[in-house]
Amino acid sequence: MLSAGPTPRTALDKWDFAVRGIGAQVARWSWEEFQALPRTTMTTDIHCVTKWSKFDTHWEGVSIDTLVAEAGKQGVATDAYVMAACDGGYTTNVPLADLTGGKGMVAFIYEGAPLPPEHGGPARLLVPHLYFWKSAKWVRELRFMPRDQPGFWESLGYHIYGDPWREQRYSGDE
Ligand SMILES: Nc1nc2c(c(=O)[nH]1)N[C@H]1C(S)=C(S)[C@@H](COP(=O)(O)O)O[C@H]1N2
Ligand SMILES: [Mo]
């Protein structure tokens, strides 16, 4: 289980990134504006639910801490849960606390090169401490929600949280 559909290819001049707060507030960045945001790097292992792992991967992008702070400057109020929404319609839910404190980023550079389309380029969510289905490829929007709601795989029976150390694969796993 790698991609639930074909690889979307959005031209960079059509690409933007949105953080949608409670109410109707939205912060939005063009590709150029997004590239100008302060960057962060991560070296991390990643874990797929189908039992593969990849060790010591290198990523660069914008941390969710930075996105939340920048959105806050534009008057966007956050909430406890986030739905990440992607080109192609894929969604996945993550508690905000699992994205902040340096735990999550929107990555656009992988191993020193632009993230290839098949791996989520131009940009993907990276939440390496959760199962990799939470690391939404082709991510375009983070939507804040007061309550946790299932995304694409979560509504098809995958675990609502997805901790690989507790092997939370399916909705019944504790
Ligand atoms: N938009 C989108 N993101 C997605 C998926 C998807 O189907 N669509 N699959 C997820 C799953 S199940 C995995 S294991 C990883 C695979 O990432 P990779 O193709 O870079 O290895 O992407 C995740 N992000
Ligand atoms: Mo996966």
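Residues numbered from 1 in each chain as written. Chains lettered and ligands numbered in written order. Predicted model: local features only at pLDDT ≥ 70, side-chain atom pairs only at ≥ 80, totals over all residues. Heavy atoms only, no water.

**Student:** Explanation requested: helix α2 (residues 64–73) in the structure shown.
**Tutor:** Side chains three or four residues apart in an α-helix point the same way, a direct result of the helix having 3.6 residues per turn. Residues of α2 that are buried: I64, T66, L67, V68, E70 and A71. One or two steps after α2, the chain reaches G75, where phi turns positive at roughly 85°. (Buried < 20%, exposed > 50% of the residue type's maximum accessible area, 1.4 Å probe, protein only. Helix = DSSP H or I, 4+ residues; strand = E, 2+ residues; numbered from the N terminus.)

**Student:** In this structure, what is going on with the side chain of D87? I would like to understand it.
**Tutor:** Looking at where D87 falls in the secondary structure, it is placed in the loop between β5 (81–86) and β6 (91–95). Residue D87 is classed as buried on the basis of its relative accessible area, which comes to 18%. At a separation of 3.0 Å, a polar atom in the side chain of D87 contacts the side chain of R140. Leave out the neighbours within four places in its chain, and D87 touches P8, T10, W138 and R140. (Polar contact = N/O pair within 3.5 Å; in protein donor to acceptor, adjacent residues only side chain to side chain. Contact = heavy atoms within 4.5 Å.)

**Student:** Explanation requested: the pattern of salt bridges in the structure shown.
**Tutor:** Opposite charge on two side chains allows them to pair when their charged atoms are near. Counted according to the given criterion, the structure contains 9 salt bridges. For D16, the salt bridge identified is with R140, shortest N-O distance 2.9 Å. Separated by 124 residues along the polypeptide, D16 in strand β1 (residues 16–20) and R140 in strand β10 (residues 139–145) bring together distant segments of the chain. One salt bridge connects E141 with R20, and the closest N-O pair in it is separated by 2.8 Å. (Salt bridge = Lys/Arg side-chain N within 4 Å of Asp/Glu carboxyl O.)

**Student:** Quick question: what am I supposed to make of the environment of K137 here?
**Tutor:** Mapped onto the elements of the fold, K137 is located in the loop between β9 (124–126) and β10. Taking the relative accessible area as the measure of exposure, K137 reaches 12% and is therefore buried. Distance in space between the C-alpha atoms of K137 and R28 is 18 Å, their sequence separation being 109 residues. Within polar-contact distance, the side chain of K137 engages the backbone oxygen of E118 at 3.1 Å.

**Student:** Got a minute to help me understand the sheet that holds β5 in this structure?
**Tutor:** The strands making up a sheet associate through hydrogen bonds between their backbones, and the pairing can be parallel or antiparallel. The 5 strands lie next to each other as β2-β1-β10-β5-β6, forming an open sheet whose pairing is mixed. Each edge of the open sheet is held by one strand with a lone partner, namely β2 (26–30) and β6. Ignoring which end each strand starts from, the neighbouring axes of this sheet average 15° apart. Pairing between β5 and β10: 6 bridges, direction antiparallel. Considered in β10, the bridge of Y81 is made with M145. Against the sheet, α2 engages β1, β2 and β10, with an angle of about 115° to β2. (Pairing = 2+ DSSP bridges. Axes fitted to C-alpha atoms, helices over the stretch in contact; angles between N-to-C directions.)

Keep in mind that these numbers describe shape and distance, not what the molecule does.
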